[in-house]
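# Architecture at a glance
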Amino acid sequence: MSAEDGAISSAARRDAIAALLHGSPLSVDELALRFRVSPSTVRRDLALLSGSHPIVRTYGGAVHLTPAHEKSLAERTPIAAGQKQAIGRLAASFVGPGQRVILDGGTTVGALAAQLAGTGELTVLTNSLTAVRALEHDARVELVLLGGSLRRVSSATIGPLAEAALADATADAVFLGADSLVAGRGLLEQDQQQASLKRAMLHAAADRFVLVDSSKLGLDGAGWWARLEPPWHLVTDAGATDEQLEPFRALPGVRIHLAGEASGPR
């Protein structure tokens, strides 16, 4: 559907928006231009769609939660890039000199790895090739790559060999990403071995940090879960709404940190 196609009914427009979001995230302005309607009309459409479709709002737009295929790391990197960079900067402030940390795969934890380069002596255990590329030339970082099978879509290792490498390991902190995060339930992943490795990472670390942009908060769905036991930290972006954050605020032992906001943990 393009601007040249003219006006369509509200219901047809919403169906077309849902189909477009299934392919990729789009901004409110892009949708308004495409359908020749005002941004406020698009926002109303998105509000209605979110009640019947797995669609969530992002900064200035929306994304469908069930794409036709799992996006590769390269496809996911531009999505919410500004939020991920802000989360990475904030998360880096929780890493102290000389600490031993575990870094998960994914684009948001990858943004943290980029922030850690050149900051001082660290030991980093990771299954993420993204983190390895960010830190491999930093001589002050002892870099331990967990073995296992390469999951190409996420550019990270998984499987029994990766879990075995963590069996006798301990770390000051772990920084995890996720497909979604649900209060009282934990981290959702599409792959069983990903969830299993996250559980091993959580077991090995004294402090646990979950790094997700606000579009992933509270999104229940089908997949595999890694349960989170308190205490742990949620690091997300300042675009998270009170409605999204309230279930996490209600959990004892959970501290919330908003990237891009001057205030401290909430």
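What comes next is a walk through the structure.

The rules behind these values
- Each chain carries its own residue numbering, running from 1 in the written order of its sequence.
- Reporting in this predicted model follows two pLDDT cut-offs: at least 70 for local features of residues, and 80 or more for side-chain atom pairs to be given and counted; totals over whole chains, interfaces and linings ignore these cut-offs and use all residues.
- Processing note: side-chain calculations cover all non-hydrogen atoms of the structure and skip hydrogens and water entirely.
- Only protein chains enter the area calculation, which uses a 1.4 Å probe; residues under 20% of their type maximum are buried, those over 50% are exposed, and those in between are partly exposed.
- Only runs of H or I of at least four residues qualify as helices and only runs of E of at least two qualify as strands under DSSP, and these elements are numbered from the N terminus.
- Here, strands pair whenever DSSP counts at least two bridges between them.
- Whether a crossover is right-handed comes down to one check: with the strands pointing away from the viewer, does the path from the first strand over the helix to the second run clockwise; if it does, it is right-handed.
- By definition, a salt bridge exists where a carboxyl oxygen of Asp or Glu is found within 4 Å of a side-chain nitrogen of Lys or Arg.
- Lines fitted to C-alpha atoms define the axes here, with helix axes fitted over just the stretch in contact, and angles between the N-to-C directions of these axes take values from 0 to 180 degrees.
- Orientation categories follow fixed angle ranges, with anything under 35 degrees roughly parallel, anything over 145 roughly antiparallel, 65 to 115 roughly perpendicular, and all other angles oblique.
- Left-handed is the label given to a crossing in which the near helix is rotated counterclockwise from the far helix by less than a right angle, and right-handed is the label when the rotation is clockwise.
- Contact between two residues is taken to exist if any of their heavy atoms lie within 4.5 Å; hydrogens are not considered.
- Each residue is assigned to one class: nonpolar for Ala, Val, Leu, Ile, Met, Phe, Trp, Tyr, Cys and Pro, charged for Asp, Glu, Lys and Arg, and polar for all the others, Gly among them.

### Here's the deal with the pairing of strand S15 (residues 254–259)
Of all six residues in S15, five are buried; the element is thus mostly enclosed. Sheet topology note: the strand S14 (residues 232–237)/S15 ladder contains six bridges and is parallel. Bridge pairing in S15 places tryptophan 232 opposite valine 254. Following the backbone out of S14, through helix H10 (residues 242–249) and into the adjacent parallel S15, one traces a crossover that is right-handed.

### So, the pattern of salt bridges
Enumeration over the complete set of coordinates arrives at seven salt bridges. A salt bridge links aspartate 104 to lysine 198; its shortest N-O distance comes to 2.2 Å. Here lysine 198 lies in helix H9 (residues 192–204) and aspartate 104 lies in the loop between strand S4 (100–103) and helix H6 (107–116), a separation of 94 residues in the sequence. With relative accessibility at 5%, the residue lysine 198 sits in the buried group. Among the ionic pairs, arginine 249 bridges to aspartate 242, the shortest N-O distance being 3.4 Å. Taking relative accessible area as the criterion, arginine 249 reaches 29% and is therefore assigned partly exposed. A relative accessible area of 49% places aspartate 242 in the partly exposed class.

### As for the packing of helix H5 (residues 81–92) against H6
The relative placement of two packed helices comes down to the angle between their axes together with the axis-to-axis distance. At their nearest, the axes of H5 and H6 sit 8 Å apart, and the two run at 55 degrees to each other. Relative to H6, the element H5 lies oblique. For H5 against H6, the interelement crossing comes out right-handed. Every residue of H6 that contacts H5 at Lys84, Gln85, Ile87, Gly88, Arg89, Ala91 and Ala92 is listed here: Thr107, Thr108, Ala111, Leu112, Gln115 and Leu116. Of the residues belonging to the contact of H5 with H6, the class tally is six nonpolar, five polar and two charged.

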